[in-house]
Amino acid sequence: MSEMTTVRPELTEAALEAAPPGRLKDDPILITFGMLKTFGGIRAVDIDHLEIERGTITAIIGPNGAGKTTLFNLLTGFDRPDQGSWRLDGRPLGGLPPHRIARLGMVRTFQLTKSLSRLTVLENMAVAAQTQRGERLERALLRWLWLPEEERVMTRAVELLERFGIEHMADEQAGTLSGGQRKLLEMARALMADPELVMLDEPTAGVNPALTESLLEHIRNLNAEGVTIVFVEHNMDVVMDISDWVVVMAQGRILTEGAPEEVVANEEVIDAYLGRAREAVDEAVEEAEGEEGDG
Amino acid sequence: MEFDVIFGNAARAGLGPQAAIFALAAIGLNLHFGYAGLLNFGQVGFMMLGAYGTAIMVATWGGSLWLGIPFGLGLCVAFALALGIPTLRLRSDYFAITTIAAAEILRLLIRSSPATDITGGPFGLQAIANSFYDLNFLPDGRFGIGTFSYSSNQLWVMIVAWVLVVLCSALVLGLIKSPWGRVVRAIREDEDAVLSLGKNTVAYKLQALAIGGVIGGLAGVIDVLQQSGVGSENFEPQVTFFAWAALILGGLATTVGPVVGAVLFWFLREGVESFIRELSAENWLPNVLADFLDGAEGAISVVLMGIGLVGLMALRPQGIFGRRRNLHLGT
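As the structure is a prediction and not an experimental result, all values here were calculated from the model.

A. A look at the overall build of chain A. Assigned secondary structure in chain A consists of eleven helices and ten strands. Within chain A, buried positions represent 52% of all 295 residues. For chain A, long-range pairs separated by at least 24 residues make up 69% of all intrachain contacts whose partners lie at least 6 apart in sequence. For chain A, the exposed surface amounts to about 13400 Å²; the carbon and sulfur share of it is 50%.

Right under this line is the structure:
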């Protein structure tokens, strides 16, 4: 266990001075305390404090293995932290299963899109609508109880599909969509759930530049409507383009956070850090392998 | 060669109570796997509970048959919960293994000697369905022509069984066309995606398991009514796989697939068996082959059915009514 702390790079303190992580926000929608998740001795996520400001677009960046997706999984209930607590709008989420967290207004998407292949695009959308009467088994056969609501759901689904430009695919099975269309569908579907906070895990991964532009436009529009957005991104151009706030993660920790310009101003810190981080990880791996050999 | 005899036998099996029993079992499996994506290899366990619940209420406890049937179906719901609550949170392969083991454990328990006082152990239970046949309004005698004929009581069971098949098919269709069914089919495609949209997927899977299990339990009830008795030898694991064969033959995730599949399965199985018997009787087979086949017509028929299914999977993997395109849409 003692070796774990040494994995942390020396540059952290310089970075801390430049822009201390865990900054307090004026009106945080999400507050996280002492979040820790270990995978067999590796501290995949180890965050003392993180707040997300309501109504902003926050980017989470960092090298591969920095713990960004693990953090997403923890916050949305898909994985359980070893310790830690977090609150959405003041409501503690610790121990809640993922569907309960989604119902409270934090809806996520996945790095690899999860379209429901053998359902139509329209059905994909309809599944996301919240608290539908007809989704209760005891009412499923009583059509007259849910038919009016179903019509409202379908109208809203079509509206959203139109907005995302895939309404012409509404009656096709989602498995026939192209990769980019699936990204659009997944984002539209997340919206269908009426979230307050949307967590997008690499929304532009594997998407061509034109579609990336359109996805970013959708994110901006959403944000303009008051939805808070947190997204993981590798493309720095995208990050600079749309985010109000940038959180830099590395080796499970928050290295620094700040406005995009602030983070850019510390570019040499990040560059140096990314270089150092590789070395530190390599060293840690070598150490671990050495220990295995000894043990 | 008496083709009318062969065809008569085949048709009698294809429309008879056995086919209806397997149609019900396959309708339940279709809800489990075709729609909810639950790999249930223990459907026979549900059939067994439906059958034994009914039989124990009547033969052991002296209760009414009309109390026994809901009791048996209630046991099916309990079995679904006992099976599903610990395993449905895990990956689907764990659930699949648990179902086949649970059904076999149940059968061995039922036929064990300590259970003899309740279940009749290896002897089973008899004289259960009298009050069911009291309701038979059909005149005595045989109905049909040639080998395609049924006794009055057989026909009575068949009418009830096929009405249940239609009702259960309609029930599953109605459920699947509802928003509830949409969530269930979505879970089949990707459970994490559905969780992320705020649906309690485990609850939906449990509900689907229980409903499909109760439909399987109805198959067991029909079996008890048909034989007016019950024995554990009727509930060996192959019963589950015959139901699977019927379902895949007809087509997964279709309304008529499991029913047509079950009819065809029994029609072909009995037809092939009769055909082999006729071949032997007419001395059309070389002696070596005829001696080999003698008394094994049923087994050979199952072997040929298996080969036929392999061929079907090669030529039409989606079954008779399935949509081929669905096979290529990876989840």
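Moving on, there is more to tell.
B. Inspection of the overall build of chain B at higher detail. When helices and strands are tallied, chain B shows 16 helices and four strands. Radius of gyration (C-alpha) of chain B: 21 Å, near the 20 Å computed for a compact globule of 331 residues. In terms of principal-axis extent, the alpha carbons of chain B reach across some 65 × 50 × 40 Å. For chain B, with 331 residues in total, the buried portion stands at 54%. A fraction of 74% describes how many contacts in chain B between residues 6 or more apart in sequence connect residues 24 or more apart.

C. A look at the sheet that holds strand β7 (residues 197-201) of chain A. Residues and elements named next belong to chain A. Read across the sheet, six strands follow the order β6-β7-β8-β3-β9-β10 without closing on themselves; strand pairing throughout is mixed. Bordering the open sheet on either side are β6 (106-108) and β10 (253-258), each of which pairs with just one other strand. Across the sheet, the mean angle separating the axes of adjacent strands is 20 degrees when strand polarity is ignored. As defined by bridge partners, β6 adjoins β7 across three bridges and the pair is classed as parallel. Residue pairing in the sheet places Met106 in a bridge with Leu197 of β7. Its contacts with the sheet put helix α3 (residues 68-75) on β3 (57-61), β6, β7, β8 (228-232) and β9 (245-250), and the angle it makes with β7 is roughly 145 degrees.

D. Looking closely at the pattern of salt bridges. All names here are of chain A. Scanning the model with the defined rule gives 25 salt bridges over all chains in all. Residues Arg108 and Asp201 are paired through a salt bridge, measuring 3.9 Å at the closest nitrogen-oxygen approach. Taken together, the residues span a long stretch of sequence, with Arg108 in strand β6 and Asp201 in strand β7 at a distance of 93 residues. Accessibility assignment for this pair places Arg108 and Asp201 in one class, buried. Because the salt bridges share partners, they merge into one network encompassing Asp27, Arg54, Asp89 and Glu196.

E. Structural context of the sheet that holds strand β5 (residues 91-92) of chain A. Residue and element names in this part refer to chain A. Here we have four strands laid out as an open sheet, ordered β2-β1-β4-β5, and antiparallel in their pairing. Each edge of the sheet is formed by a strand with only one pairing partner; in this case those strands are β2 (42-53) and β5. As judged from the five bridges shared by strand β1 (residues 28-39) and strand β4 (residues 83-88), these two strands associate in the antiparallel manner. Across the sheet, Thr32 pairs through a bridge with Trp86, a residue of β4.

F. Region of interest: the side chain of Glu233 of chain A. Residue and element names in this part refer to chain A. Positionally, Glu233 belongs in the loop between β8 and α9 (236-242). No salt bridge forms around the buried Glu233; measuring N to O, its nearest opposite-charge neighbour Lys183 is 8.4 Å away. Within polar-contact distance, the side chain of Glu233 engages the side chain of Thr204 at 2.9 Å. Within the structure, the side chain of Glu233 is placed 3.2 Å from the backbone nitrogen of Asn235, a separation counted as a polar contact. Other than its neighbours up to four places away in sequence, Glu233 contacts Ile60, Ile61, Pro203, Thr204, Val238 and Val239.

G. View of the packing of aromatic side chains. Taken as a whole and assessed by the stated rule, the structure comprises 16 aromatic pairs over all chains. Judged by centre distance (5.1 Å) and plane angle (75 degrees), the ring pair of Phe132 of chain B and Tyr133 of chain B falls under edge-to-face. Of the residues examined, Phe132 of chain B reaches a relative accessible area of 4% and is grouped as buried. Aromatic ring contacts, followed pair by pair, group Phe22, Phe242, Phe265 and Trp266 of chain B into a single cluster. One cation-aromatic arrangement involves Arg108 of chain A over Phe78 of chain A; the distance from NZ or CZ to the ring centre is 5.2 Å. Directly above the ring of Phe110 of chain A sits Lys114 of chain A, whose terminal nitrogen or CZ lies 5.0 Å from the centroid.

H. Broad picture of the interface of chain A and chain B. Each side of the interface is counted separately: chain A has 34 residues, and chain B has 32 residues. For the pair chain A and chain B, the summed buried area comes to about 3000 Å², and 61% of that belongs to carbon and sulfur atoms. The interface formed by chain A and chain B contains five salt bridges. Ionic pairing is found between Glu135 of chain A and Lys199 of chain B, a salt bridge with its closest N-O pair at 2.9 Å. Our enumeration of links across chain A and chain B arrives at 13 residue pairs in polar contact (both at pLDDT 80 or more). At the level of secondary structure, the elements contributing two or more residues to the side of chain A that touches chain B comprise α4 (98-103), β6, α5 (121-128) and α6 (143-163) of chain A.

I. Local environment of the packing of helix α8 (residues 152-176) of chain B against helix α11 (residues 201-227) of chain B. Residues and elements named next belong to chain B. Between α8 and α11, the shortest axis-to-axis distance is 11 Å and the interhelical angle comes to 175 degrees. Here α8 is positioned roughly antiparallel relative to α11, judged by the angle of their axes. Counting all contacts with α8, which are made through Val157, Ala161, Leu164, Cys168, Leu171, Val172 and Leu175, the residues of α11 involved are Ile211, Ile215, Leu218, Ile222, Leu225 and Gln226. Residues belonging to the contact of α8 with α11 are distributed by class as follows: twelve nonpolar, one polar and no charged.

J. A nonpolar patch on the surface, seen in detail. On the surface, Leu141, Leu142 and Trp144 of chain A cluster together into a nonpolar patch covering about 320 Å² of accessible area. Note that Leu141 of chain A resides in the loop between α5 and α6.

K. Local environment of the pairing of β2 of chain A. Of all twelve residues that make up β2 of chain A, nine are buried, and the element is covered over most of its length. The turn linking β1 of chain A back onto β2 of chain A is made up of two residues, and Gly40 of chain A within it adopts a positive phi angle of 50 degrees.

L. Here's a closer look at the packing of helix α2 (residues 17-35) of chain B against α11 of chain B. Residues and elements named next belong to chain B. Put simply, α2 and α11 touch, their axes get as near as 7 Å, and they point 170 degrees apart. Here α2 is positioned roughly antiparallel relative to α11, judged by the angle of their axes. Across the interface between the two elements, Pro17, Gln18, Ile21, Leu24, Ala25, Ile27, Gly28, Leu31 and His32 of α2 pack against Ala208, Leu209, Ile211, Gly212, Gly213, Ile215, Gly216, Leu218, Ala219, Ile222, Asp223 and Gln226 of α11. The class makeup of the residues in the contact of α2 with α11 is 13 nonpolar, seven polar and one charged.

M. Structural context of unusual backbone geometry. All names here are of chain B. A positive phi angle is found at Ala127, which is not glycine, with a value near 55 degrees. Mapping Ala127 onto the fold places it in the loop between β1 (125-126) and α7 (130-133). When its relative accessible area of 51% is taken as the criterion, Ala127 is described as exposed. Although it is not a glycine, Ala253 sits at a positive phi angle of roughly 55 degrees. Mapped onto the secondary structure, Ala253 falls in the loop between α12 (238-250) and α13 (257-281).

What counts and what doesn't
Residues numbered from 1 in each chain as written. Chains lettered and ligands numbered in written order. Predicted model: local features only at pLDDT ≥ 70, side-chain atom pairs only at ≥ 80, totals over all residues. Heavy atoms only, no water. Helix = DSSP H or I, 4+ residues; strand = E, 2+ residues; numbered from the N terminus. Buried < 20%, exposed > 50% of the residue type's maximum accessible area, 1.4 Å probe, protein only. Contact = heavy atoms within 4.5 Å. Areas by Shrake-Rupley, 256 points an atom, 1.4 Å probe, with all protein chains shown as cover. Rg over C-alpha atoms; globule rule 2.2 N^0.38 Å. Pairing = 2+ DSSP bridges. Axes fitted to C-alpha atoms, helices over the stretch in contact; angles between N-to-C directions. Salt bridge = Lys/Arg side-chain N within 4 Å of Asp/Glu carboxyl O. Lys, Arg positive; Asp, Glu negative; His and termini not counted. Polar contact = N/O pair within 3.5 Å; in protein donor to acceptor, adjacent residues only side chain to side chain. Phe/Tyr/Trp six-rings, centres within 6.5 Å; stacked < 30°, edge-to-face > 60°. Lys NZ or Arg CZ within 6 Å of the ring centre and 35° of its normal. Buried area = accessible area lost by both parts, 1.4 Å probe. Parallel < 35°, antiparallel > 145°, perpendicular 65-115°, else oblique. Nonpolar A, V, L, I, M, F, W, Y, C, P; charged D, E, K, R; others polar. Patch = residues over 30% accessible without salt bridge, like charges linked within 9 Å, V, L, I, M, F, W, Y side chains within 5 Å.

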